[in-house]
Amino acid sequence: MSALRQYLSNIPLVEDRVTAQTDKLVQFVEEQRGELFDPADRLMKAVADVICGITFKDGSDTRNPDLDRMLKLNAAIVANVDDFQKVLILDFFPGQVYERWKAPIRDIQGIIRKRLRQTKETFDPTEPVEDFMSALLRAQLDFEAECKTEEEKAELFSEDRFVTTVHDMFAAGYETTSTQTLRFVIAFLVTYPKYQEDIQRELDDVLGPKQPRMSDRPNLPLVQAVILESQKNHKKKTKQKST
């Protein structure tokens with residue numbers, strides 16, 4: 001958490017990544033010229049680029065084969081999410097019946113290990129942190145002095161712990177943000193066009209032509225309310241579906 005706070009303390013860095021993808025999304029919508037279209041794929045690409053940029057510094061648009069494979073593996077996991085719940089108890093059973101369900105997770109972690117080794121080779125603690133993986137390495141240096149024993153140090157900063165933390169950072173924000181929350185918001189606004197008009201009016205009045213920033217939130221109460229209500233209602237729908 002310390003590493004995450006350290007990275008996210010540079011709010012403009014995160015904002016710039018989001019803003020760049022927002023511009024691309026707006027351009028994509030305008031290119032449809034009012035025709036019907038499914039935004040799902042474009043939303044996933046936009047969120048993937050932001051998450052990859054935050055986690056690894058490289059956005060998904062860089063055509064990095066490792067990141068591309070990681071995204072595809074993650075999509076495969078989500079597509080079989082109900083079956084993957086079984087992974088939690090697989091280690092208690094003999095045999096390799098469910099080996100195919102574990103393989104994508106191991107592959108993703110293998111890619112993260114490779115990225116970790118590459119980051120360590122170029123990491124400079126005197127330079128500003130520009131991605132979450134570098135923030136973890138910086139946190140390691142900051143807290144090494146606080147570890148009382150070598151065993152404590154080995155446990156806290158083991159490669160497995162690094163890999164798990166980075167994997168959680170990647171997996172937690174990608175699929176739920178792109179295919180669930182954002183698509184729900186779009187569906188909500190399409191269903192209630194009046195809110196589209198009201199939101200656009202507030203954005204025009206407060207921001208004019210510029211992109212919103214985190215510092216603008218206090219001046220955009222309607223936008224903030226719609227975001228919060230959409231997240232709340234999306235969670236209700238998800239819970240109802242799971243039951």
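Structure's up top.
The rules behind the values
Residues numbered from 1 in each chain as written. Predicted model: local features only at pLDDT ≥ 70, side-chain atom pairs only at ≥ 80, totals over all residues. Heavy atoms only, no water. Helix = DSSP H or I, 4+ residues; strand = E, 2+ residues; numbered from the N terminus. Buried < 20%, exposed > 50% of the residue type's maximum accessible area, 1.4 Å probe, protein only. Contact = heavy atoms within 4.5 Å. Areas by Shrake-Rupley, 256 points an atom, 1.4 Å probe, with all protein chains shown as cover. Expected span 1.5 Å × (residues − 1). Polar contact = N/O pair within 3.5 Å; in protein donor to acceptor, adjacent residues only side chain to side chain. Arc of directions from axis to C-beta. Phe/Tyr/Trp six-rings, centres within 6.5 Å; stacked < 30°, edge-to-face > 60°. Salt bridge = Lys/Arg side-chain N within 4 Å of Asp/Glu carboxyl O. Core = buried A, V, L, I, M, F, W, Y, C linked by side-chain atoms within 4.5 Å. Axes fitted to C-alpha atoms, helices over the stretch in contact; angles between N-to-C directions. Parallel < 35°, antiparallel > 145°, perpendicular 65-115°, else oblique. Left-handed = near helix turned anticlockwise from the far one by under 90°. Nonpolar A, V, L, I, M, F, W, Y, C, P; charged D, E, K, R; others polar.

1. Examining the overall build of the protein
Inference 1: If you tally the helices and strands in the protein, you get twelve helices and zero strands.
Inference 2: Secondary structure of the protein in N-to-C order comes out as α-α-α-α-α-α-α-α-α-α-α-α.
Inference 3: Each of the 243 residues in the protein was classed as buried or not, and the buried ones make up 32%.
Inference 4: Taking contacts inside the protein between residues at least 6 apart in sequence as the whole, the part at least 24 apart equals 61%.
Inference 5: In the form shown here, the protein has an accessible surface area of approximately 15,800 Å², with 55% of it arising from carbon and sulfur atoms.

2. What about helix H8 (residues 132–144)?
Inference 1: Look at H8: 18 Å from first C-alpha to last across 13 residues, which is about the 18 Å you get at 1.5 Å a residue.
Inference 2: Within the sequence span of H8, burial applies to Phe132, Met133, Ser134, Ala135, Leu136, Leu137, Arg138, Ala139 and Gln140.
Inference 3: Two or three places before Met133, at the opening of H8, Asp131 has a side-chain oxygen 3.1 Å from that residue's backbone nitrogen.

3. Some details on helix H11 (residues 193–207)
Inference 1: Over its 15 residues, H11 extends 21 Å from the first C-alpha to the last, a length consistent with the 21 Å expected when each residue adds 1.5 Å.
Inference 2: Listed in full, the buried residues belonging to H11 are Asp198, Ile199, Glu202 and Leu207. For H11, the arc enclosing every buried residue in end-on projection is 130°, short of the 170-degree limit, so these residues lie on one face. Pointing more than 90 degrees away from the buried face of H11 are the exposed residues Lys194 and Asp205.
Inference 3: A positive phi of about 70° marks Gly208, the residue just after H11.

4. Notes on the environment of Lys45
Inference 1: Along the chain, the position of Lys45 falls in helix H3 (residues 40–56).
Inference 2: Residues Lys45 and Gln21, spaced 24 residues apart in sequence, show a C-alpha to C-alpha distance of 9.0 Å.

5. Digging into the packing of aromatic side chains
Inference 1: A full pass over the atoms with the stated rule returns four aromatic pairs.
Inference 2: Geometrically, the ring pair formed by Phe188 and Tyr192 is tilted, given 5.2 Å between the ring centres and 45° between the ring planes.
Inference 3: Seen in terms of ring centroids, Tyr192 and Tyr195 are 6.3 Å apart; in terms of plane orientation they differ by 80°. Their pairing is edge-to-face.
Inference 4: By relative accessible area, which is 42% here, Tyr192 ends up partly exposed.
Inference 5: Members of the aromatic cluster, connected to one another through ring pairs, are Phe188, Tyr192 and Tyr195.

6. Notes on unusual backbone geometry
Inference 1: Phi angles above zero are rare outside glycine, and Arg33 is one such case at about 50°.
Inference 2: Along the chain, Arg33 falls in the loop between helix H2 (11–31) and H3.
Inference 3: You can call Arg33 exposed: its relative accessible area is 74%.

7. Topic: the pattern of salt bridges
Inference 1: By the definition in use, this model includes twelve salt bridges.
Inference 2: With a closest N to O distance of 2.8 Å, Arg113 and Glu159 form a salt bridge. With Arg113 in helix H7 (residues 99–122) and Glu159 in helix H10 (residues 159–191), the pair connects residues that are 46 residues apart, well separated along the chain.
Inference 3: Of the residues examined, Arg113 reaches a relative accessible area of 23% and is grouped as partly exposed.
Inference 4: Residue Lys210 is joined to Asp216 by a salt bridge in which the shortest nitrogen-to-oxygen separation is 3.1 Å.

8. Brief notes about the nonpolar core
The tendency in soluble globular proteins is for nonpolar side chains to be buried as a group.
Inference 1: Judged by nonpolar contacts, the single largest core of 24 residues is most densely connected at Phe56, Met70, Ile112 and Phe170.
Inference 2: Those elements giving two or more residues to this core turn out to be H3, helix H4 (65–79), H7, H8 and H10.
Inference 3: Here the element with the most residues in this core is H3; it accounts for six residues.
Inference 4: Residue contacts for Phe56: discarding those within four places in its chain leaves Leu67, Met70, Ile112, Arg115, Asp131, Met133, Val166 and Phe170.
Inference 5: Grouped together as the second largest cluster of nonpolar side chains are six residues, Ile199, Leu207, Leu220 and Val223 included.

9. Observations regarding the packing of H2 against H3
Inference 1: Taken N-terminus to C-terminus, the directions of H2 and H3 make an angle of 165°; their axes are 10 Å apart at the nearest point. By the angle between their directions, the pair H2 and H3 is classed as roughly antiparallel. Helix-helix and strand crossings are classified by hand; for H2 and H3 the assignment is right-handed. Touching Val14, Arg17, Val18, Gln21, Lys24, Leu25 and Phe28 of H2 are Arg42, Leu43, Lys45, Ala46, Asp49, Val50, Gly53 and Ile54, all from H3.
Inference 2: Its residues placed into classes, the contact of H2 with H3 shows eight nonpolar, two polar and five charged.

Everything listed here is a matter of coordinates, which is why it stays silent on function.
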